[in-house]
Structure formats: structure tokens, C-alpha cells
Amino acid sequence: HGERVAGVASRLKRLMRRYVNYLDQTLFVQLLNRELSAEQSGFATSVTMTYFAPSRTLDICNAGHPRPLWYRAHRRRWELLVSDSGRDQRESREPSNLPLGVLEPTTYEEFGVRLRAGDMVLLYTDGVTESRSVAGQALGEEGLLDLVSSLDAAQPAEIIPELLTRLDGWRGDEPPEDDVTIMLLHHDGTRVR
């Protein structure tokens, strides 16, 4: 994408290195927003997470990205990953957690969830939820929840390949209109010593 984007990428890489060991990622995300706002070259969405093994806590800061899904093994079900209070961070009346580069300054909030053995977190790009059926219907969050809920959670290594196959079927085997990126985090219960 040219020298300008390469320069931005280089500055972002330096910021990532500087903040990689911080538990609270909100300052990092605010600085990312400042960088992209200064460039005025568009916007990006982001989910930053830090996993702190001693407390088994996953801290999440979402900057306008599609909400992750959380498989809660003890409940044997998938749900949207939102704060423990159940209040979606998007319900605030003040502008917060906007995509990066949209508005400077923007505040970013972080919340933590405690993971248990067998829990999984599924992250994905909007190309997944915006996938359209042959009839033109967008999959959406609820459709994605339905798809992943029908998968065998006892086989984490098979979830992404099977989900991609089902997304292809949803689209009638047409190629995706946007990028489709999926990442699955699996808490295997191993203690870090």
C-alpha cells in the first residue's frame, strides 16, 4: 500500500513493542487511535487482549471491532463476550471504543473476564458477520452464534475449518466479499508455573 502505510505500520509496531507487557491496554489503544487520526488515512478496528495467567483473566479492549464470542465450558454454550455486568460497552452515551482513527480524542474502556479450563474465545473480522447468503441475507452476530453453537466444542482444532466450511455453504460457495479472518483462543487448563 505504499510508503505512507509502511511508515504508519512502523510506528504502530514500535507502539506495540512498548506496550506489549502492560496488563491495561487502554493507553496503547488511545495512542493507536492518535496515530491513525493524525494520518487521516482512514480507520481500523481492533481488539486488544491481555491474558494474565496467575488470575486466569483475559482483559479486552474493543475499538469498534466485531464483538468476540465466548464459549463457556461450564455452561456448554457460546455467547457474546461482554463485560461481567452484562452492559455492552456500546450502550454508553459518551463516544467511546470507536474504531481507531475516527475521532481524536476517544476514550477506550477495558473489561476482564475470568476463563476456566475448556473456555474458548473466537475473534473474527466483519467479513464473517457480513457474509451474505444466496438470498442476500447477512449472517450477523446471531447467525454466527447459531453456526458455532452447532459445532463440536470438544474438538477445538476443528472449529475454524468447520466454521469456514459452513460459511462457504452460507454464501452458496461464492467467494467472500471482504476478508474473512478467524482466530480461536482455547484455555486448556494448563497452569503456568
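Above this note sits the structure.
Reading guide: rules and limits
Residues numbered from 1 in each chain as written. Predicted model: local features only at pLDDT ≥ 70, side-chain atom pairs only at ≥ 80, totals over all residues. Heavy atoms only, no water. Pairing = 2+ DSSP bridges. Helix = DSSP H or I, 4+ residues; strand = E, 2+ residues; numbered from the N terminus. Axes fitted to C-alpha atoms, helices over the stretch in contact; angles between N-to-C directions. Contact = heavy atoms within 4.5 Å. Parallel < 35°, antiparallel > 145°, perpendicular 65-115°, else oblique. Left-handed = near helix turned anticlockwise from the far one by under 90°. Nonpolar A, V, L, I, M, F, W, Y, C, P; charged D, E, K, R; others polar. Core = buried A, V, L, I, M, F, W, Y, C linked by side-chain atoms within 4.5 Å. Buried < 20%, exposed > 50% of the residue type's maximum accessible area, 1.4 Å probe, protein only. Expected span 1.5 Å × (residues − 1).

Side note on the sheet that holds strand S4 (residues 77–80)
Reading across the sheet, the four strands line up as S4-S3-S6-S7 and stay open at both edges, with antiparallel pairing between neighbours. Since the sheet does not close on itself, it has two edges, and those belong to S4 and strand S7 (182–186), each with one partner. Strand-to-strand, the axes of this sheet are offset by a mean angle of 20°, without reference to chain direction. Sitting on the sheet, helix H4 (residues 140–149) touches strand S3 (69–72), S4 and strand S6 (120–124), and the angle it makes with S4 is about 160°. Contacting S4, S6 and S7, helix H5 (residues 156–170) runs over the sheet at an angle of about 155° to S7.

Observations concerning the sheet that holds strand S1 (residues 46–52)
The strand order S1-S2-S5 describes an open sheet built from three strands, whose pairing is antiparallel. Two strands in the sheet have a free side with no partner beyond their single neighbour: S1 and strand S5 (110–114). Along the sheet, successive strands turn relative to each other by an average axial angle of 25°, direction set aside. Across seven bridges, S1 lies against strand S2 (residues 57–63) in antiparallel orientation. In the strand pairing of S2, Phe52 is matched with Thr57. Against the sheet, helix H2 (residues 26–39) engages S1, S2 and S5, with an angle of about 20° to S2.

A word on the packing of H4 against H5
One can describe the packing of H4 onto H5 by two numbers: an axis separation of 10 Å at closest approach and a directional angle of 130°. In terms of axis orientation, H4 runs oblique to H5. Handedness of the H4/H5 crossing: right-handed. Residues Leu144, Leu147 and Val148 of H4 pack against Leu163, Arg166 and Leu167 of H5. Tallied by class, the residues present in the contact of H4 with H5 amount to five nonpolar, no polar and one charged.

Some details on the side chain of Thr48
For Thr48, the position within the fold is in strand S1. Once you skip the residues sitting within four places of it in the chain, Thr48 turns out to touch Gln25, Phe28, Val29, Asp59, Ile60 and Cys61.

Quick notes on the nonpolar core
The biggest cluster of nonpolar side chains holds 20 residues, and the ones touching the most others in it are Leu69, Trp78, Leu122, Leu144, Val148 and Leu163. Residue assignment for this core shows that the elements contributing at least two residues are S3, S4, S6, H4, H5 and S7. Among the elements that line this core, the one with the most residues is H4, at four residues. In this structure, Leu163 is in contact with Leu122, Leu144, Leu147, Val148, Leu151 and Ile182, ignoring residues within four places of it in sequence.

Some words on H5
Taking 1.5 Å per residue as the helical rise, H5 with its 15 residues ought to reach 21 Å, and the 21 Å between its terminal C-alpha atoms agrees with that figure. Within H5, burial applies to Ile159, Leu163 and Leu167. Among the structural elements, S4, S6, helix H3 (126–129), H4 and S7 are those in contact with the buried residues of H5. In the segment just after H5, Gly172 is the residue with positive phi, at about 70°.

A short note on H2
The end-to-end C-alpha separation of H2 is 20 Å, in line with the 20 Å expected for 14 residues at 1.5 Å each. Residues of H2 that are buried include every one of Thr26, Phe28, Val29, Leu31, Leu32, Asn33, Leu36, Ser37 and Glu39, and no others. The first or second residue beyond H2 is Gln40, which carries a positive phi of 50°.

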